[in-house]
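Reading the structure
Take a look at the letters that make up each chain.
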Amino acid sequence: MASDPITVVLEQTGDYAFHVRFEGLEAELHTDESPPLGRGEGPNPARLLLAAIANCLSASLVFALRKFHNTPGPLRATITAVPVRNAQRRVRIPQAQVVLELPGLNADYQHLERVLDTFEDFCTVTQSVRDGMDVEVTVRDAAGHVLHGQAQAGEAGA
């Protein structure tokens with residue numbers, strides 16, 4: 001089953017700041033790199049990645065709980081990661097620790113063992129990060145000429 005594409009548009013508003021629009025949604029976001037590069041006036045990409053992982057895991061857990069007729073109260077998720085430099089001195093996030101807190105006790109939930117065995121499989125973001133993701137990059141100039149990478153078939157500059 002193919003899904004509709006997800007499109008997110010970023011427009012630079014400052015040195016390292018961007019306005020982020022999510023196609024098809026009213027929601028918008030302002031991002032910025034932390035000092036000394038940016039002014040830290042919004043989440044940076046690393047924080048967005050961690051938020052996406054924790055959000056997806058939380059939603060997947062709620063989905064799995066409800067699938068087994070549970071009605072959980074509000075969950076709480078905390079994700080922590082330490083950026084490190086790799087051998088090439090580039091900053092990477094090699095791992096993250098996520099803690100999901102369910103309200104109530106385990107006895108309050110039906111089929112909890114099965115829920116906990118399966119919920120991570122429903123998390124698109126976490127599984128995509130774990131599996132690795134092919135990211136194709138194209139850089140174009142204002143006239144649509146491809147400066148780096150490959151143009152999509154049928155697009156300007158192809």
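Below, the structure is looked at part by part. (Residues numbered from 1 in each chain as written. Predicted model: local features only at pLDDT ≥ 70, side-chain atom pairs only at ≥ 80, totals over all residues. Heavy atoms only, no water.)

1. Observations regarding the sheet that holds strand β2 (residues 17–22)
Each strand in a sheet pairs with its neighbour through backbone hydrogen bonds, running either in the same direction (parallel) or in the opposite one (antiparallel). Taken in spatial order, the 3 strands make up an open sheet running β1-β2-β3, and their pairing is antiparallel. Strands with a single pairing partner mark the edges of an open sheet, and in this sheet they are β1 (8–12) and β3 (28–32). Here the strands of the sheet are splayed against their neighbours by 25° on average, with no regard to which way each runs. The sheet contact formed by β1 and β2 spans 5 bridges and is antiparallel. Paired with E11 across the two strands is H19, which belongs to β2. (Pairing = 2+ DSSP bridges. Helix = DSSP H or I, 4+ residues; strand = E, 2+ residues; numbered from the N terminus. Axes fitted to C-alpha atoms, helices over the stretch in contact; angles between N-to-C directions.)

2. Overview of the packing of helix α1 (residues 45–67) against helix α3 (residues 124–131)
Running from amino to carboxyl end, α1 crosses α3 at an angle of 125°, the nearest separation of the two axes being 7 Å. Judged by the inter-axis angle, α1 sits oblique to α3. In this structure, α1 uses L49, A52, I53, C56 and L57 to contact α3, whose residues at the interface are T124, V125, T126 and V129. For the contact of α1 with α3, the per-class residue count stands at 7 nonpolar, 2 polar and no charged. (Parallel < 35°, antiparallel > 145°, perpendicular 65-115°, else oblique. Contact = heavy atoms within 4.5 Å. Nonpolar A, V, L, I, M, F, W, Y, C, P; charged D, E, K, R; others polar.)

3. So, the pairing of β3
Direction of pairing for β2 relative to β3: antiparallel, over a ladder of 5 bridges. In the strand pairing of β3, F18 is matched with T31. Linking β2 back to β3 in an antiparallel pair, the connection comprises 5 residues, with G24 at a positive phi of about 90°.

4. Notes on a positive patch on the surface
Taken together, the side chains of R85, R89, R90 and R92 make up a positively charged region of the molecular surface. The partly exposed category is assigned to R90, whose relative accessible area is 49%. (Patch = residues over 30% accessible without salt bridge, like charges linked within 9 Å, V, L, I, M, F, W, Y side chains within 5 Å. Areas by Shrake-Rupley, 256 points an atom, 1.4 Å probe, with all protein chains shown as cover. Salt bridge = Lys/Arg side-chain N within 4 Å of Asp/Glu carboxyl O. Lys, Arg positive; Asp, Glu negative; His and termini not counted. Charge placed at Lys NZ, Arg CZ, Asp CG, Glu CD. Buried < 20%, exposed > 50% of the residue type's maximum accessible area, 1.4 Å probe, protein only.)

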